[in-house]
Amino acid sequence: MHTMMSKEQNGVFPAVCSLDCPDQCGLLLHKEEGKIVKIEGDPNHPVTQGAICNKVRNMAARMYDEKRLQYPMKRVGPKGEGSHFERITWEEAITTITSRWKQLIAEKGPESILPYSFYGNMGRIGTEGMDRRFFNRMGASRLLYAICEAAGSEGYKYTMGGSFGTDPEDTVHAKLIIMWGINAVSTNMHQVMLAEKARKNGAQIIVIDAHKNQTGRWADWFIPILPGTDAALALGIMHILFAENKVDEDFLHQYTKGHEALEEHVKQYDPSVVSSITGVPVADIYRLARLYGDTAPSFIRIGNGIQHHDNGGMCVRTIACLPALTGQWLHQGGGAIKGNGGYLEHNIPALQRPDLREGNARQINMNLLGSALLELDPPIHSLYVYNSNPALVAPHANKVRKGLEREDVFTVVHDLFLTETAKYADIVLPATSSFENTDFYRSYWHQYVHLQLPVIAPYMESKANVDVFRLLAAGMGYEEEALQDSDEALIRQALDHPGNPALANITYETLLEKQFLKAEAKPLFPGELKTPSGKIELYSEEMERKGFPPLPTYTPLVDEGDLPFLFIPAPNHNFLNSTFAHNEKHRRMEKTPKLHMNEADAASLGLVSGDYARIWNDRGECELLVAAGTDVLPGVVVSQGLWADVPGKKALVNSLTPDRVADMGGGATFFSGRVRIEKSKSTEPLGG
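Now for a look at the structure at hand. Every value quoted in this text rests on a predicted model; they were computed, and no experiment measured them.

**Some thoughts on the pairing of strand 17 (residues 427-430)**
Next, step 1: Here strand 17 shows no split at all, with Ile427 and Leu429 on one side and Val428 and Pro430 on the other all buried.
Next, step 2: Judged from the two bridges that link them, strand 4 (residues 73-75) and strand 17 form a sheet pairing that is antiparallel. Note that in strand 17 the partner of Lys74 across the bridge is Ile427.
Next, step 3: Bridging between strand 16 (residues 410-415) and strand 17 involves four bridges; their strand directions are parallel. For Val412, the partnering residue across the bridge sits in strand 17 and is Ile427.

**What to know about the environment of Lys423**
Next, step 1: Assignment of secondary structure puts Lys423 in the loop between strand 16 and strand 17.
Next, step 2: Note on Lys423: relative accessible area 27%, which makes it partly exposed.
Next, step 3: For the pair Lys423 and Ala391, spaced 32 residues apart in sequence, the C-alpha to C-alpha distance is 9.5 Å.
Next, step 4: Beyond its immediate stretch of four places on either side in the chain, Lys423 contacts Lys79, Gly80, Glu81, Gly82, Phe85 and Leu418.

**Examining the pattern of salt bridges**
Next, step 1: Evaluated as defined, the whole model comprises 38 salt bridges.
Next, step 2: The closest approach of N and O atoms between Lys79 and Asp426, which form a salt bridge, is 3.6 Å. Of this pair, Lys79 sits in the loop between strand 4 and strand 5 (85-87) while Asp426 sits in the loop between strand 16 and strand 17; the two residues are 347 residues apart in sequence, bridging distant segments of the chain. The pair formed by Lys79 and Asp426 is uniform in burial state, with each residue classed as buried.
Next, step 3: Asp294 is the salt-bridge partner of Lys246, the closest N and O atoms lying 2.9 Å from each other. Highlighted residues: Lys246 in the loop between helix 10 (230-243) and helix 11 (249-255) and Asp294 in helix 14 (residues 282-294), separated in sequence by 48 residues.
Next, step 4: Taken together, the shared-partner salt bridges connect Arg75, Lys79, Glu407 and Asp426 into one network.

**What to know about the sheet that holds strand 12 (residues 298-302)**
Next, step 1: The five strands are arranged 10-9-8-12-13 in an open sheet whose pairing can be described as parallel. Edge strands, defined here as strands with exactly one partner in the open sheet, are strand 10 (221-224) and strand 13 (335-337). Taken pair by pair, the neighbouring strands of this sheet meet at an average axis angle of 15°, ignoring direction.
Next, step 2: Contacts between helix 8 (residues 189-200) and the sheet are confined to strand 8 (176-180), strand 9 (204-209), strand 12 and strand 13, with strand 8 contributing the most and set at about 155° to the helix.
Next, step 3: Against the sheet, helix 14 engages strand 8, strand 9, strand 10 and strand 12, with an angle of about 135° to strand 9.

**Observations regarding the packing of aromatic side chains**
Next, step 1: If you walk through the whole model with that rule in mind, you get 19 aromatic pairs.
Next, step 2: Judged by centre distance (4.9 Å) and plane angle (45°), the ring pair of Phe251 and Tyr255 falls under tilted. With Phe251 and Tyr255 both in helix 11 and four residues apart, the pair spans about one turn of that helix.
Next, step 3: Accessibility expressed as a relative area gives 1% for Phe251, which makes it buried.
Next, step 4: For Tyr255, a relative accessible area of 10% corresponds to the buried category.
Next, step 5: Between Tyr384 and Phe469 the ring centres are 5.4 Å apart and the planes differ by 55°, which places this aromatic pair in the tilted class. Within this pair, whereas Tyr384 is found in strand 15 (residues 382-386), its partner Phe469 is found in helix 21 (residues 465-476), the two being separated by 85 residues in sequence.

Cut-offs applied
Residues numbered from 1 in each chain as written. Predicted model: local features only at pLDDT ≥ 70, side-chain atom pairs only at ≥ 80, totals over all residues. Heavy atoms only, no water. Buried < 20%, exposed > 50% of the residue type's maximum accessible area, 1.4 Å probe, protein only. Helix = DSSP H or I, 4+ residues; strand = E, 2+ residues; numbered from the N terminus. Pairing = 2+ DSSP bridges. Contact = heavy atoms within 4.5 Å. Salt bridge = Lys/Arg side-chain N within 4 Å of Asp/Glu carboxyl O. Axes fitted to C-alpha atoms, helices over the stretch in contact; angles between N-to-C directions. Phe/Tyr/Trp six-rings, centres within 6.5 Å; stacked < 30°, edge-to-face > 60°.

Shown next as structure tokens:
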């Protein structure tokens, strides 16, 4: 029955949400006459329990959108305009691409070709399976996938040994929940649902953030903080915990390394110093630290936002040390979550097949795409983009677009829509949606693995990533069996992972039967972590060897000169990065891009809510609708959402963001850019 779902015209079929979101919801798809007419949550999913967000609830409108790509096309007009494309066959598309690549490899070498992708769809064989095999076999330049959680993951790993945290299902038992740098109402709604259950049982909810967004308004106590100073606040909490003997000595001795050195180190972070750095009043620092020290279980949800700073890796590493000080890991529901992907790690070498690559090609940080296209030597001469829209999502966007304009960069884009990036393509290929594909999914927050089988037939002439790479491999004359493996074979190889016993119960067969299964992970404690010492490393010799401070430390953001405002382009409620930004319904729900600023700053510039402001630096400029109030501290401005290009409008927030890399992992620094602001002459709404 499962493999025939796409053939059945009517019924209700299991599915999983493919969006790059921690919640990874179980879904039920309702079909009538071969089309999906309704998407609802699966009430039997233990974590998501039938609740879903607006984004996936409206996914059918995206799948049947009249603007969806229907067939392959080639460009016949100037790059970037998007209106000059002609229909071609798949055969012509594959022949055109592979002929150009063969010529480039012969003349310039395989490193002249760069794949660019991310997690526009979280299916594992489609995002890091046949594609990686293909480009490994080719010997193409390698992409460093660092745009999202690279800095924080590395920082957390130094402390905890990998992406291992509290089981979200246990957080209902917490008595204190700190949402730190995460707009969970918009980006992790089921953690909010679990927190609500905890609140009914007496838990207090604190939100620490640079912007009083929907999550800040939902909290029992919202603590506004200056962006990029979160490590200082965490160190101030540690100062008080040690000074007032609110630490768990037994836990520190048994399960941590370096607590004596840490105790001495944090003496310099007294509350008055920390207050001057963070903007958090001294009394609030004491109140927060004492609440944390006196409450168990205490749970910290570490958000994505804080790692998008120059100091993002160290910031996450520092916050990750807090649960150790009060022994929260031994309390059910206590501890922290940055991510939980470590529990679900599949057999990555078996799926990606790095052994197919001869030599060790150069690696290019995806955050530096603009520089890579304009400055790299030897140059990139071909770009293959899938599961991503770098013209909208990459930092320093004007530089990226200038690079995409190069006539001598043969660009192929495989997507569902003619995105901002696709308008620069030479060849555009139509992509299937996740509900048309076979793939497996693993959450990076809860501990479930899902199987997705096709529920509907491929839309028009669209093809899945895996299918296209098999065609490209044949076109290139690559004969390795690994490049011909079926979807099922890829999934089986990925799940066969003796190195991760937590996956022992999860096989292709068991997923066929159940659709989703929980990894059988052991509790972190008592036990050994995957750090060098096997303990929580408050002091890290590994960091010391790499030139980092071995103890958690606050480092200020990079100085961008005398620009008066720190600019935070945060997510909004109805888009997911650039996904849904082009959909009229979602744009209407989100209304228009706004600039949230402190009312005192607005007044000093002669601005009031409803005015338009020009925001600029030497990277670019935007014009946004002002929302003045007290939701941000003075000196901070926030916009929400990556808005699709609208002719004549300037809402490309990534034209303002730096392409510097963070302290760890090559991570992005979207939130560490600075801007000037003045009143704009514009009076028209920018939502399109």
